[in-house]
Amino acid sequence: MSVTEIDSNQFRKMIKAASATLKNNADFVNSLNVFPVPDGDTGTNMNLSLASGAKYVANSGADSVGDLAEALAKGLLMGARGNSGVILSQIFRGFAKSVAGKRVLDARDLNDGLVEATKTAYSSVMKPTEGTILTVIRGAAEKSRQVYSELDVAALMDAVSVAADDALKQTTELLPVLKQVGVVDSGGQGLAFILKAFADSLNGREVSIEKNEPDSQEMDEMIDAKHHKSVQSEINPEDIKYGYCTQIMVRIGHGKEVERKFEYQPFYDYLAKLGDSLLVVNDDEIVKVHVHTEHPGKVLAWGQQVGDLATVKVDNMRLQQEDIINQDTDDQPAEQEIERPNDTAVIAVASGDGIGTLFNSLGVTDIISGGQTMNPSTQDIVDAINNSHANRAVILPNNSNIFLAAEQAAKVADIPTTIVHTKTIPQGMTAMLEYDPSAKLADIKSAMEANLDYVKSGEVTRAVRDTELDQVHIKKNQFMGIVDGNITVTSSNMIDATTQMVAAMLDEDSEAVTIIYGQGANERESQKLKDNIMKIDEDLEIEIHEGNQPVYPFLVSVE
Amino acid sequence: MAVKIKTKYGVVDISSDVISSVVGSATTDNYGVVGMASKNQLRDNVNSILKNDNYSKGVVVRQENSGIAIEVNIIVSYGTKISEVCRNVQSKVKYNLETMLGITANTVNVVVQGVQVLND
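The structure displayed is predicted, hence computed values, not measured ones.

Basis of the calculations
- Residues numbered from 1 in each chain as written.
- Chains lettered and ligands numbered in written order.
- Predicted model: local features only at pLDDT ≥ 70, side-chain atom pairs only at ≥ 80, totals over all residues.
- Heavy atoms only, no water.
- Helix = DSSP H or I, 4+ residues; strand = E, 2+ residues; numbered from the N terminus.
- Phe/Tyr/Trp six-rings, centres within 6.5 Å; stacked < 30°, edge-to-face > 60°.
- Buried < 20%, exposed > 50% of the residue type's maximum accessible area, 1.4 Å probe, protein only.
- Salt bridge = Lys/Arg side-chain N within 4 Å of Asp/Glu carboxyl O.
- Pairing = 2+ DSSP bridges.
- Axes fitted to C-alpha atoms, helices over the stretch in contact; angles between N-to-C directions.

(A) Focus on the environment of Arg318 of chain A. Within the element layout of this structure, Arg318 of chain A appears in helix H13 (residues 317–325). C-alpha of Arg318 of chain A to C-alpha of Lys241 of chain A: the two residues are 77 residues apart in sequence and 9.4 Å apart in space.

(B) Representation of the packing of aromatic side chains in the model. Residues and elements named next belong to chain A. As enumerated under the stated definition, the model contains 6 aromatic pairs over all chains in all. For the pair Phe92 and Phe198, a centre-to-centre distance of 6.3 Å together with 75° between the ring planes defines the contact as edge-to-face. In this pair, Phe92 sits in helix H4 (residues 82–99) while Phe198 sits in helix H9 (residues 186–202), placing the two residues 106 residues apart along the sequence. A single burial state applies to Phe92 and to Phe198, both of which are buried.

(C) Inspection of the pattern of salt bridges at higher detail. Residue and element names in this part refer to chain A. Tallied over the full model, the rule gives 14 salt bridges over all chains. When the shortest N-O distance is used, the salt bridge between Asp308 and Arg251 registers 3.0 Å. Note that Asp308 is positioned in strand E4 (residues 307–316) and Arg251 in strand E1 (residues 244–252), a separation of 57 residues in sequence. Connected through salt bridges with shared partners, the residues Asp158, Lys196, Asp200 and Arg205 form a single ionic network.

(D) Main features of the sheet that holds strand E8 (residues 417–419) of chain A. All names here are of chain A. With respect to topology, 4 strands assemble into an open sheet ordered E6-E5-E7-E8, the strand pairing being parallel. Looking at strand neighbours, the two that pair on one side only are strand E6 (366–369) and E8, the edges of this open sheet. Each neighbouring strand pair of the sheet contributes to a mean axis angle of 20°, computed without reference to strand direction. Of the pairings in the sheet, the one linking strand E7 (residues 392–396) to E8 comprises 3 bridges and is parallel in character. Paired with Ile395 across the strands is Ile419, a residue of E8.

All quantities given are derived from atomic positions and should not be read as evidence of function.
Structure follows, in structure tokens:
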């Protein structure tokens, strides 16, 4: 059955057919989506946009094509989603403008509509990108202009549909990004589907018309402004069935744990039982696995049976989801570091990761690496101050040798800087307990320095040569206990030296002992030390931290 | 103001002009955006559409705690769904910043400074 005129009934059928076709092919269109943002939702967006238009047409009681086209344009405008949806709404806006007032359309009207549709679509953008849906509608309209005078609407629509397909094929060549991937433009494909459906409908060819009205959920999604919110953030972390995104790469046949030959199907089947979103890709040497599972360990063990693990990556998706919901921006690439302005920068000189971490946990914003054997230069300190981008700075030298450099740095720094004269790491930590970021700089300094005298700091280190200092004889490689800068005890045994040193530091008022063990000591030795100290005074509170500092196996503070 | 990116070979500084250009181009690529508008219309005189080389006048880049905040000023075409055009701008700007510069924008605020009505 061929038709020479499009009446309102015919128009309704065309829209219905187009909407159904688009719905059926939404996934396919999604898969083509690489431009402008490859998020794979062009098909979905076009489908929902057109569905909204179709809904308006279905609800319209009009019996003229002009009015129905108007309803369609309105519905598309209201439901427009995504770039392609917006363009689609413009195409039909132009079309509606052209056919306004017409009860039926003949070939000439249809042609005029297509030409106007193209014009409107192009006019809404400053620099039209060729190789998109725009190219497709333009190709269709150009063909129409050439042939409309000789054809009826059904034949014209067929010709237009073919021209649209041709134009669509060109999109791959027109847009570099499409050529790279070797696909046609997804939005253009969507429009080609629509025109094809129009042609099929007009020519009485079978169009698989499912029930194409959007279900209530889709409709809600379109109308509700909330649809702009990412769907992802709607997912409750607890609703994620499999919590760990696990990815491994296995070198087949390598390693000690190999128990079996790699065979794709059994390998795949076992993993399929462990979770979903399974992807297994292999060649002769390597098999890559991606799976969402509750048991990443089982996946690893399974992989190890056929080879060794070249790479392993396990992400807790529930945690990621929580982060998304919390609008956390931790998803930035790890290497990206953007300066974080603090109002007040607290800069501590310290060595050892653990000490740095301890300081950070106390509120220190920047650490300058340095200490007894490698004092930072004035320039290092100035750089740290200026790079902090804060409004003011507090410096904890944690070593009397650095006081001068710090004073110099404070003078030339861009921002007001004060120095809290901490001589040792433990003093620095005690000082941080009194740090009040909201106070005035001078008050911060006096508050932080106020308690320093109550803290005794002990450091244990190894003598590098024979010497005599403060009436203490020291042999090379002996351990020395230094209390507030004075060598107090020596011993060839590290624990003995430390125990004696702590004993010398304790007095009646002592309440708390903090032990920070560094390189050259370990937790077991620290525990031994703690036991020794407990024997001296069992009422003491003793804390042990890992400081990982060089040179000093033990740093001890007594308060 | 510049964004610093640390790599194992050193530091990369990206000036806000670069960011503005990327943001501006990403914005005007979007269907329905007729052009960029100046962020300071009074000072820069009327709501003229900005040319390629002064996109930066229409883009504000602000440093925030853990990323950057972008503001783009645009003029849109009459008859488009403005909210959707803006949303497209947001996602494209964010996407281009991430792919081209490796910068994550915390927020992309779109200010519609004008609507261009076309002569029929």
